[in-house]
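The chain contents come next:
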Amino acid sequence: MTTRILEPGSILGVLGGGQLGAMFAAAARRMGYRVAVWDPDPHAPAHQLAVHSCTTPFSDPASREQFSSIVHAMTLEWENVPAELCGWLEERCRMTPSSAVLRTLQDRIEQKQFLSSRLLSVPSFAAVESGSQLVTAVNRLELPVVCKTAKSGYDGKGQWILRTPSDVNQVQTILGQAEAGHRWIVEQFVPFLRELSVLVVRNERGESRVYPVVENRHDQGILRETLVPASIAAGVAEQAQELALQAVEALPGVGVFCVELFHTEHGALLINEIAPRPHNSGHYTLDVCTVSQFEQQVRVTCGLPLGEVRLLSPAVMVNLIGEDVGSVMSAEGCSALYSTSGAVLHLYGKQIIRPGRKMGHVTFTAPQTETVIAEAQKFRTSLKSPV
Ligand code: AMP
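For the structure given in this document, a descriptive report is provided here. (Residues numbered from 1 in each chain as written. Predicted model: local features only at pLDDT ≥ 70, side-chain atom pairs only at ≥ 80, totals over all residues. Heavy atoms only, no water.)

Contact geometry for helix α1 (residues 19-30) and helix α10 (residues 293-302): axes closest at 8 Å, N-to-C directions at 65°. Between α1 and α10, the angle falls in the class roughly perpendicular. The crossing of α1 and α10 is right-handed. Across from L20, M23, F24, A27, A28 and R30 in α1, the residues of α10 making contact are F294, E295, Q297, V298 and T301. Split into classes, the residues belonging to the contact of α1 with α10 amount to 7 nonpolar, 2 polar and 2 charged. (Axes fitted to C-alpha atoms, helices over the stretch in contact; angles between N-to-C directions. Helix = DSSP H or I, 4+ residues; strand = E, 2+ residues; numbered from the N terminus. Parallel < 35°, antiparallel > 145°, perpendicular 65-115°, else oblique. Left-handed = near helix turned anticlockwise from the far one by under 90°. Contact = heavy atoms within 4.5 Å. Nonpolar A, V, L, I, M, F, W, Y, C, P; charged D, E, K, R; others polar.)

And the structure:
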């Protein structure tokens, strides 16, 4: 199969204009492409890098026509954009990932049903549409469980850990108050040893690249930091990469995908979630890989050959969440950071600081893993919310 290559100068459209869209746009511009951004939030960071900005709602019919007439290919930076819009766009230009893949991944229930139908390991789960179904699911799966909204949840939003019968009662009441038609997934709580993730890049010809396995630490459902390479045996890393690739091939996904995994104390690897886009846990690729996840997204969007995924150095990526960003905005704070060799600061240019909002990140790089871990730890103690 031959894929038409879009030449530099072409306009690449991106749905969503957050930091992932901005980093995609920066990579595209460096590679000679122009970018059109569609995000209803006029302050979304990617708009600043766009030759064409659209800030109308995704449902606006005139904007669809106009946007599709400008762009040569489309991608997305957020999985919650309307799949129907992606379907409409893909009839007019190249759209990666496809609307079909997006539909499967947008809904946590469909995603888990799909993965288990392909015999890819996931935590035990049940689909729930009411408070009483929650009780039935808890009886089957047994406490503790995690209850998540089927659609639109991110960074731990719309998610509860249920440990006691009283937690079940509380969440049952919350579910009872939700709009009709709302669905949730209830999962067995996995007492994982560590959380891992793997980036998989796959093009229309079915060629793929798999990045090294990384280890993630979350705080209240939000990614706090990522260590690469993960501190796991080579055999486990191979299994994780193989599982991630199998999942993306099964979809079949074209684009950049992040497969999040739980590694249990019994050595099992379970898929928690697949994101059909570059991922926060892959930001290290900007500073310590020959080709970043965002450049790969540009390459797939344009039909270019995939890039190599070689890791040049160990790294720890620390997110700057909410008020954390204040620690690097002062003269003292940023000078301390810039005095740390191997530290790379990325600020997303967001005007408003909100609790839980990702404002930037720092990548610590050094030849030895112990050094990056120590530098990251030292830095974390200087943050507003050290963890
Ligand atoms: P998610 O939005 O599904 O990625 O969940 C956010 C975070 O919640 C994960 O990174 C885990 O730390 C935690 N979590 C989600 N699902 C489970 C589960 N079934 N068992 C244990 N922890 C979970």
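Picking up after the structure, the text goes on.
How two aromatic rings sit relative to each other is given by the distance of their centres and the angle of their planes. According to the stated counting rule, one finds 4 aromatic pairs in the structure shown. Note on W38 and F58: the rings are 5.4 Å apart at their centroids and 55° apart in plane angle, and the pair reads as tilted. In this pair, W38 is assigned in strand β2 (residues 34-38) and F58 in the loop between β3 (52-54) and α2 (61-70), connecting sequence segments 20 residues apart. The class of W38 is buried, set by a relative accessible area of 0%. Owing to a relative accessible area of 12%, F58 belongs among the buried residues under this scheme. Here the aromatic rings of F192 and F262 are separated by 5.0 Å at their centres, their planes lie at 0°, and the arrangement is stacked. Of this pair, F192 sits in strand β10 (residues 192-202) while F262 sits in strand β14 (residues 255-264); the two residues are 70 residues apart in sequence, bridging distant segments of the chain. (Phe/Tyr/Trp six-rings, centres within 6.5 Å; stacked < 30°, edge-to-face > 60°. Buried < 20%, exposed > 50% of the residue type's maximum accessible area, 1.4 Å probe, protein only.)

Keep in mind these values describe shape, not function.
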